[in-house]
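Observations on the three-dimensional arrangement
Spelled out from the first residue to the last, the chains are:
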Amino acid sequence: MRKDRNLDELRKVEFITNFSEYAEGSCLVKFGNTQVLCNASLDQSVPRWLKGQNKGWITAEYGMLPRSTHDRVAREAKKGKQTGRTQEIQRLIGRSLRAIVDPSLFSEMQILIDCDVLQADGGTRTASISGAFIALHHCFESMIKQKIIRKNPIIENLAAISCGVIANDCYLDLDYLEDQSADVDSNFVITESQKLVEIQVTSEGKICEESQFKKLLDLAKLGISNIIDEQKKFM
């Protein structure tokens, strides 16, 4: 059992917008002790394979700063390549954000999302998605003010959260220690209308039962609803 919050309770969620002076959209997001800086930048071009299709594109990059964890993490640039985990997370962020926009409203342009983990205590990918959504919103609003686009392409709000099973109990919003001891680890990306964008479920110790999955999904919907309510204060 948790000592500081209920099993169905989020950590303290904070959004600090306009954190970066030069980005078209930026948000520092905090889920408890996890902190991620999310920046959205406009690039008035699209990947070569998308040219001439009158569509926009959103792509993401994700990284952890060297002292975002207890032990120093080596910069991936020094290694000369990204880890599989990094590639998987940044693709998840990009897919999630592309799911809730109308690409025809920012055609022949792309938005570059940068998510840099300043401090990691579990749930960095879900915090990244939730914060990147706000950064993306502000980026589009900046483009409207500059008369680059006429309408915000975002269709509906989006957020993400982690859940897990520990000793047969279902937990919402795992911190690092909880994630390490979880028998089942899951990440949910869900829209405001409760459409499921992506679900990741991994059985680490015990196989996830259907009844547990349903409980995890219910917890995720509850948590994401609360996150979106908080997002709206900064939009």
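Residues numbered from 1 in each chain as written. Predicted model: local features only at pLDDT ≥ 70, side-chain atom pairs only at ≥ 80, totals over all residues. Heavy atoms only, no water.

**A look at the overall build of the chain**
Along its length, the chain carries 5 helices and 9 strands. Helices and strands in the chain line up, N terminus first, as β-β-β-β-α-α-β-α-β-β-α-β-β-α. Computed over the C-alpha atoms, the radius of gyration of the chain is 18 Å, within 12% of the 18 Å expected from 2.2 N^0.38 for a compact globule of 235 residues. The dimensions of the chain, computed from C-alpha atoms along their principal axes, are 55 × 40 × 30 Å. Here the contacts in the chain between residues at least 6 apart in sequence split such that 70% fall between residues at least 24 apart. Accessible surface for the chain amounts to roughly 12,000 Å². Of this, 46% is attributable to carbon and sulfur atoms. Seen as two clouds, the 31 positive and the 33 negative side-chain charges of the chain have centres 5 Å apart. (Helix = DSSP H or I, 4+ residues; strand = E, 2+ residues; numbered from the N terminus. Rg over C-alpha atoms; globule rule 2.2 N^0.38 Å. Contact = heavy atoms within 4.5 Å. Areas by Shrake-Rupley, 256 points an atom, 1.4 Å probe, with all protein chains shown as cover. Lys, Arg positive; Asp, Glu negative; His and termini not counted. Charge placed at Lys NZ, Arg CZ, Asp CG, Glu CD.)

**Some details on the sheet that holds strand β2 (residues 25-31)**
Reading across from one edge, β1-β2-β3-β5-β4 is the order of the 5 strands in this open sheet, with mixed pairing throughout. Strands at the two margins of the open sheet, each flanked by one partner only, are β1 (13-17) and β4 (57-64). Averaged over all pairs of adjacent strands, the angle between their axes in this sheet comes to 20 degrees, without regard to strand direction. Relative to strand β5 (residues 110-119), β4 runs parallel, the two sharing 8 bridges. (Pairing = 2+ DSSP bridges. Axes fitted to C-alpha atoms, helices over the stretch in contact; angles between N-to-C directions.)

**Describing the nonpolar core**
Among the nonpolar cores identified, the biggest contains 58 residues, and Ile93, Ile111 and Ile113 are the most heavily contacted of them. At 10 residues, the largest contribution of residues to this core is made by helix α3 (residues 124-145). Aside from chain neighbours lying at most four places away, what touches Ile113 is Asn39, Ala40, Ile58, Thr59, Ala60, Glu61, Ile93, Leu97, Ala132 and Leu136. With 5 residues, the next largest nonpolar core counts Leu7, Tyr171, Leu174 and Ala182 among its residues. (Core = buried A, V, L, I, M, F, W, Y, C linked by side-chain atoms within 4.5 Å. Buried < 20%, exposed > 50% of the residue type's maximum accessible area, 1.4 Å probe, protein only.)

**Concerning the sheet that holds strand β8 (residues 184-191)**
Strand order in the open sheet formed by 4 strands is β7-β6-β8-β9, with antiparallel pairing between adjacent strands. Looking at strand neighbours, the two that pair on one side only are β7 (169-172) and β9 (196-203), the edges of this open sheet. Strand after strand, the sheet turns through a mean of 15 degrees between neighbouring axes, direction not considered. Here 4 bridges tie strand β6 (residues 158-166) to β7, and the two strands are oriented antiparallel to one another. Its bridge partner lying in β7, Cys163 is registered against Leu172. Each of β6, β8 and β9 is contacted by helix α2 (residues 84-98), which is oriented at about 150 degrees to β9, the strand it contacts most. Sheet strands touched by helix α5 (residues 210-231): β6, β7, β8 and β9. Its angle to β6, the strand with the most contacts, is close to 145 degrees.

**Observations regarding unusual backbone geometry**
In this structure, Asn168 takes a positive phi of about 70 degrees despite not being glycine. With respect to the secondary-structure elements, Asn168 resides in the loop between β6 and β7. Overall, Asn168 belongs to the exposed group, its relative accessible area being 51%. Of note, the phi angle at Gln194 is positive, near 65 degrees, even though the residue is not glycine.

**Things to note about α5**
Counted at 1.5 Å a residue, the expected span for α5 with its 22 residues is 32 Å, and the 31 Å between its end C-alpha atoms agrees. All of the buried residues along α5 are Gln212, Leu216, Leu217, Leu219, Ala220, Gly223, Ile224, Ile227, Ile228 and Gln231. (Expected span 1.5 Å × (residues − 1).)

**Focus: the side chain of Asn39**
For Asn39, the position within the fold is in strand β3 (residues 34-43). Sequence-distant contacts of Asn39, that is, excluding residues within four places in its chain, are made with Ser20, Ala23, Gly25, Ser26, Leu112, Ile113, Asp114 and Ala135.

Interpretation note: all reported values are geometric properties and have no functional meaning in isolation.
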